[in-house]
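What follows is the residue order along each chain.
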Amino acid sequence: MSCEESNVPLVYYGLHAVKIVKVVVPEIIQYGVEDAVLLDCDFTYGNDTAGLMVKWFFKNKARPVYQWIASQKPQDMGILRGRVDLTYKASNDPLKMHRALRIVKPNTDISGDYTCVVSTFMEEDSKTKQMIVFAPETNFRLVQNKTDDDTVNVICAADGAFPAPNLTLATPERHLDGVSHHLKLVNGRYSAVATVTLLDADLPSAAEFICTLRIPQAKYAVRKEAIYYPGPISTTPEMPTAADMQLAAAVGSRGKY
């Protein structure tokens, strides 16, 4: 609400307004690295601080996940209930003391937009920033599966990542065409599979396959490499798991996601 909209003189507005001057929210943190993460919301206030309150909202602004009314104890709610250090003090100023969120043991489920709202009975101000808690993959494999003497199924699979990873299959010369993808959310982590079927006749005598896993939001990337020798069916160094084969079959029936 502006001064003009409220018809309140500028001097009066300046004396009584609250204004957020800085919101500090980490853009990316890695799961399991930090014991706690701090989200801060610094603000200024005028002469009239009656009803001063700080609220933090997560994703949906309908209900706060944290609330502090000046001179009272802070409260954590919703997804953050029991996960906020309510003893943390961001300032010695009694009107700004519990403005910040110190979330202990951050997990991927708290990834999203955070909105800080500071208000009095007269005015309010708000600012929003995003935080992503990313988790690297727990299992990453590149396997070759021959179903007959003339073709090979190249399967790249990863489990336990967050946010959703991107998988690409390539050779040193080019990205492979006709790759099918499957993505599944399991207990808050993503399992991803990329698979392609190739003819031995189209491959060199020693074909190198490269699978790259990327989580763009975290600027994270890892890769696996494997050498394939075309020819009759033989045992490969690393065979696909039953889960890999089920996912690959699902991909074959559904196509690209």
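Attention in this report is confined to the structure presented alongside it.

Reading the values: rules and limits
- Residues numbered from 1 in each chain as written.
- Predicted model: local features only at pLDDT ≥ 70, side-chain atom pairs only at ≥ 80, totals over all residues.
- Heavy atoms only, no water.
- Core = buried A, V, L, I, M, F, W, Y, C linked by side-chain atoms within 4.5 Å.
- Buried < 20%, exposed > 50% of the residue type's maximum accessible area, 1.4 Å probe, protein only.
- Helix = DSSP H or I, 4+ residues; strand = E, 2+ residues; numbered from the N terminus.
- Contact = heavy atoms within 4.5 Å.
- Pairing = 2+ DSSP bridges.
- Salt bridge = Lys/Arg side-chain N within 4 Å of Asp/Glu carboxyl O.
- Phe/Tyr/Trp six-rings, centres within 6.5 Å; stacked < 30°, edge-to-face > 60°.
- Lys NZ or Arg CZ within 6 Å of the ring centre and 35° of its normal.

A few points about the nonpolar core
- Membership of the largest hydrophobic core comes to 28 residues, with the highest contact counts inside it found for Leu39, Trp56, Leu101, Tyr114, Val118 and Met131.
- Those elements that place two or more of their residues in this core are β1 (19-24), β3 (36-44), β4 (53-58), β5 (60-69), β7 (101-104), β8 (112-119) and β9 (124-134).
- With four residues, β3 is the largest single contributor of residues to this core.
- Those residues in contact with Tyr114 that lie beyond four places of it in its chain are Leu39, Trp56, Phe57, Phe58, Leu80, Leu101, Ile103, Lys127, Thr128, Lys129 and Met131.
- Residues Ile132, Leu167, Ala192 and Leu198 belong to the second largest nonpolar core, which totals 27 residues.

Looking at the sheet that holds strand β6 (residues 75-76)
- A sheet is described by the order of its strands in space; here six strands give the open sequence β2-β9-β8-β4-β5-β6, paired in mixed fashion. Looking at which strands have only one partner, the edges of the open sheet turn out to be β2 (28-30) and β6.
- In the sheet, β4 pairs with β5 via six bridges, with the strands oriented antiparallel. Considered in β5, the bridge of Met53 is made with Ile69.

Section: the pattern of salt bridges
- The final tally for this structure, using the stated rule, is eight salt bridges.
- Put simply, Arg83 and Asp109 hold a salt bridge, and the shortest N to O gap is 3.0 Å. With Arg83 in the loop between β6 and β7 and Asp109 in the loop between β7 and β8, this pair connects stretches of sequence that are 26 residues apart.
- Using a relative accessible area of 18% as the deciding quantity, one classes Arg83 as buried.
- A salt bridge links Arg102 to Asp85; the shortest N-O distance between them is 3.2 Å. One end of the pair, Arg102, is in strand β7; the other, Asp85, is in the loop between β6 and β7, with 17 residues separating them in the sequence.

Describing the pairing of β5
- The hairpin turn running from β4 into β5, its antiparallel successor, is one residue long, and Lys59 in that turn takes a positive phi close to 60 degrees.
- Where β5 and β6 come together, two bridges link them in antiparallel fashion. Looking across to β6, one finds that Gln67 is bridged to Gln75.
- Between β5 and β6, which pair antiparallel in sequence order, lie five residues; one of them, Ser71, sits at a positive phi of approximately 80 degrees.

Re the packing of aromatic side chains
- As enumerated under the stated definition, the model contains five aromatic pairs in all.
- With centroids separated by 5.5 Å and ring planes inclined at 45 degrees, the aromatic side chains of Phe134 and Tyr220 adopt a geometry described as tilted. One end of the pair, Phe134, is in strand β9; the other, Tyr220, is in strand β16 (residues 220-228), and 86 residues separate them in sequence.
- Given the relative accessible area of 6%, Phe134 is considered buried.
- Note that Lys96 overlies the ring of Phe43, its terminal NZ or CZ placed 5.8 Å from the centroid.
- In this structure, Arg189 packs its charged tip against the face of Tyr31, placed 4.8 Å from the ring centre.

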